[in-house]
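Residues per chain are reported as follows:
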Amino acid sequence: MLNFPSLSISNHTFSYNPINYNHIPPLKFQSLALCSYGRTKFPSGSCSYGLRRKRVLVKGVLKVKEEGVESGKRVDFGEGFDAIVIGSGIGGLVAGTQLAVKGARVLVLEKYVIPGGSSGFYNRDGYTFDVGSSVMFGFSDKGNLNLITQALEAVGCRMEVIPDPTTVHFHLPNHLSVRVHREYDKFIEELTSYFPHEKDGILKFYGECWKIFNALNSLELKSLEEPLYLFGQFFQKPLECLTLAYYLPQNAGAIARKYIQDPQLLSFIDAECFIVSTVNALQTPMINASMVLCDRHFGGINYPLGGVGGIAKSLAKGLVDQGSQILYKANVTSIITEQGKAVGVRLSDGREFFAKTIISNATRWDTFGKLIKQETLPKEEENFQKVYVKAPSFLSIHMGVKAEVLPLDTDCHHFVLENNWTDLEEPYGSIFLSIPTILDSSLAPEGRHILHIFTTSSMDDWKGLSRIDYEAKKQVVADEIISRLEKKLFPGLRSAIDFIEVGTPKTHRRYLARDEGTYGPMPRSIPKGLLGMPFNTTSIDGLYCVGDSCFPGQGVIAVAFSGVMCAHRVAADIGLEKKSPVLDAMLLRLLGWFRTLA
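Every value quoted in this text rests on a predicted model; they were computed, and no experiment measured them. (Residues numbered from 1 in each chain as written. Predicted model: local features only at pLDDT ≥ 70, side-chain atom pairs only at ≥ 80, totals over all residues. Heavy atoms only, no water.)

Trainee: When you look at the overall build of the protein chain in this model, what are you seeing that I'm missing?
Mentor: Counting secondary structure elements, the protein chain contains 16 helices and 26 strands. Considering the protein chain as a whole, with its 598 residues, one finds that 62% of them fall into the buried category. Total accessible area on the protein chain stands at roughly 23,400 Å², and carbon and sulfur atoms take up 53% of it. (Helix = DSSP H or I, 4+ residues; strand = E, 2+ residues; numbered from the N terminus. Buried < 20%, exposed > 50% of the residue type's maximum accessible area, 1.4 Å probe, protein only. Areas by Shrake-Rupley, 256 points an atom, 1.4 Å probe, with all protein chains shown as cover.)

Trainee: Even after reading the chapter, I still don't get the packing of aromatic side chains, so can you show me in this structure?
Mentor: Each pair of aromatic rings is reported with the distance of its centres and the angle of its planes. A full pass over the atoms with the stated rule returns 23 aromatic pairs. A ring pair is formed by Phe-170 and Phe-268, whose centres lie 5.1 Å apart and whose planes are at 70 degrees; its orientation type is edge-to-face. Residue Phe-170 is found in strand 12 (residues 166-172), and its partner Phe-268 is found in helix 8 (residues 263-277); the two are separated by 98 residues along the sequence. The class for Phe-268 is buried, based on a relative accessible area of 0%. Ring geometry for Phe-205 against Tyr-206: centres 5.0 Å apart, planes inclined by 75 degrees, an arrangement best described as edge-to-face. The exposure classification of Phe-205 matches that of Tyr-206, with both residues buried. What links up through ring pairs into an aromatic cluster is the set Tyr-122, Tyr-127, Phe-129 and Phe-499. Lying over the aromatic face of Phe-298, Lys-142 brings its terminal NZ or CZ to 4.7 Å of the ring centre. Here the basic side chain of Lys-506 rests over the ring of Tyr-470, its NZ or CZ set 5.2 Å away from the ring centre. (Phe/Tyr/Trp six-rings, centres within 6.5 Å; stacked < 30°, edge-to-face > 60°. Lys NZ or Arg CZ within 6 Å of the ring centre and 35° of its normal.)

Trainee: Explain the pairing of strand 7 (residues 81-86) to me, please; I cannot follow it from the model alone.
Mentor: Consecutive side chains of a regular strand alternate in pointing toward one face of the sheet and then the other. A large share of strand 7 lies buried, amounting to 6 of its 6 residues. Relative to strand 18 (residues 352-360), strand 7 runs parallel, the two sharing 5 bridges. The residue of strand 18 that forms the bridge with Ala-83 is Thr-357. In terms of strand pairing, strand 7 meets strand 8 (residues 106-109) through 4 bridges, oriented parallel. Across the sheet, Ile-84 pairs through a bridge with Leu-107, a residue of strand 8. Chirality of the crossover, the property in question, places the unit of strand 7, helix 1 (residues 90-101) and strand 8 among those that are right-handed. (Pairing = 2+ DSSP bridges. Right-handed = clockwise from strand over helix to strand, strands pointing away.)

Trainee: Is there a simple way to explain the nonpolar core in this structure?
Mentor: Ranked by internal contacts, the top residues of the largest apolar core, which has 124 residues, are Phe-205, Tyr-206, Phe-268 and Phe-415. If one sorts the elements of this core by residue count, helix 15 (residues 556-573) sits on top with 11 residues. Counting 28 residues, the second-largest nonpolar core is a separate cluster that includes Ile-453, Leu-485, Leu-489 and Ile-500. (Core = buried A, V, L, I, M, F, W, Y, C linked by side-chain atoms within 4.5 Å.)

Trainee: Would you take a moment to explain the pattern of salt bridges for this structure?
Mentor: Opposite charge on two side chains permits them to pair, given that their charged atoms come into close proximity. Scanning all chains against the criterion turns up 31 salt bridges. Of the charged contacts, one joins Lys-258 and Glu-208 as a salt bridge, the two residues approaching to 3.6 Å between their closest N and O atoms. Taken together, the residues Lys-258 in helix 7 (residues 252-259) and Glu-208 in helix 4 (residues 199-217) connect sequence positions 50 residues apart. Taking the relative accessible area as the measure of exposure, Lys-258 reaches 46% and is therefore partly exposed. For Glu-208, a relative accessible area of 7% puts it in the buried group. Its salt-bridge partner being Glu-516, residue Lys-463 comes within 3.7 Å of it at the nearest N-O pair. One end of the pair, Lys-463, is in the loop between strand 23 (448-457) and helix 13 (467-488); the other, Glu-516, is in the loop between helix 14 (505-512) and strand 25 (521-523), and 53 residues separate them in sequence. Of the residues examined, Glu-516 reaches a relative accessible area of 23% and is grouped as partly exposed. One connected set of salt bridges, linked through shared partners, spans Asp-366, Lys-370, Lys-390 and Asp-515. (Salt bridge = Lys/Arg side-chain N within 4 Å of Asp/Glu carboxyl O.)

Trainee: Explain the environment of Arg-105 here, please?
Mentor: You can see Arg-105 is positioned in the loop between helix 1 and strand 8. Linking Arg-105 and Asp-82, residues 23 residues apart in sequence, is a C-alpha distance of 5.2 Å.

Trainee: In this structure, what is going on with the pairing of strand 16 (residues 332-338)? I would like to understand it.
Mentor: Where strand 16 lies against strand 17 (residues 341-347), 6 bridges are found, and the strand directions are antiparallel. Following the sheet pairing, Val-332 is matched in strand 17 by Leu-347. Connecting strand 16 to the next strand, strand 17, in antiparallel fashion are 2 residues, including Gln-339 with a positive phi near 55 degrees.

Trainee: Can you walk me through the packing of helix 11 (residues 364-371) against helix 12 (residues 379-387) in this structure?
Mentor: When two helices pack together, their arrangement is given by the angle between the helix axes and the distance between those axes. Direction vectors running N to C along helix 11 and helix 12 enclose 135 degrees, while the axes themselves pass 11 Å from each other. The orientation of helix 11 with respect to helix 12, classified from their angle, is oblique. In the crossing of helix 11 with helix 12, the sense of the turn from one axis to the other is left-handed. Contacts between helix 11 and helix 12 pair Arg-364, Trp-365 and Phe-368 from the former with Glu-380, Glu-381, Phe-384 and Gln-385 from the latter. (Axes fitted to C-alpha atoms, helices over the stretch in contact; angles between N-to-C directions. Parallel < 35°, antiparallel > 145°, perpendicular 65-115°, else oblique. Left-handed = near helix turned anticlockwise from the far one by under 90°. Contact = heavy atoms within 4.5 Å.)

Below is the structure:
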């Protein structure tokens, strides 16, 4: 049995308490279409927590009846739904809202009582904590890659945002301290001040990133699995389409090495890509890297006033306002198939819902390892798992601290790798720190700041522990992380702690329903760009996937892109967009062949 000493800081013992959603105020919806399972509907349209209810259909809207929930009951919604979305992460919500505005009838099923998944939030002791990162891409007012803004506007929502002047402040080995300024020229000037001998290489590498970004940003982004759209874009923008096709099989690290020789500068680019994909530049597709490395200067990082959780709440409200529905406390345990076609889902309480199509916002491993009940994996999923493994999860620390411990010029986001570049991808090797109260002080009590700290951690590191040893290990690991930040950035941090909670990969698995707590796929070896990434369609008719284990991968802007693409493909398949069945079959076969090349 492992033994770890007890640890207390300023009378606050390290522990992770499960999220108490009763502290979260009920969501307010303008539409009376649906209140979540476990809530009562009021005439005003607001939702409030109540007894478990049975729902029946009355004139096209859901009503509640004060009876016990009947397990094993097929729930009939008249003409049914065009699509059921499993999970309300950003990818699932974007797919659902994009379909709803096209006229589809959508039902989103969410396991918890708030939407958002890893882009959700929770409240504690006057603090509003983002579950995941607060680096928000795709939230500007220009271009075609501002996908979060577009998704909100599509359902009549707009959020006030706060521009972040510095995307991230790197604190790296050999006293390398680089701020990624919002202004591109200012960032390049700072980077070249450390590597003046590589100025030409720096400009050429980031110049190629801009070439890709500009090509993407000039296109109307829809499904790459829909041939009529692809042909239309090619005839309108042939050069841009050929540019993207050229870079599709390439990785950022290989291109960086064409222009740059300095090993420390190449390691810096590894760190840049690690934030994007949790792997180094040689394993990061060039298209993914370019989206992030350029959008931070084009549209900039913009934090939503009130916290990241407001994005998902706004999308959920917009979905309901469009006449579709979201059901909370709805834990999907299996996808129902009939004659090889996905036709519905079954919940943990036995209820069943049916639709023309099913969209899974779960990971590919959860979708085909848990929700699809069959003994053997489809060949396409076997191939995917040969190329990709689950990326590691995170140890996360949410803290409230006294404001005076932070210097006045502190940036919102920091990346810390103190001693050895080789530690970059090791568990607990690098630390990402987000301080959203630098931008929005309303998230914390007066005189306090929020620190959200996370570092990669494997589920294997937390298996086989008793509850006592598990809690003790959290204390020890968290103390080590805090000591590192205290030494590197904020002297006196330990004595300034007002509130603290620690989460492990087990926490992420439990609350986000992600296999092993993973945050997406990671290539087993050096991949061929994005060729191995699956798109939204699957080998099961009527079943689609969306989220970070689909093209184009991890990150808010990427999963939003995945949601837009999925909605377009589903809309075509259910008759809301034009389609060509013959061209569809040819393109899907071609894309499947491309994936085998990875």
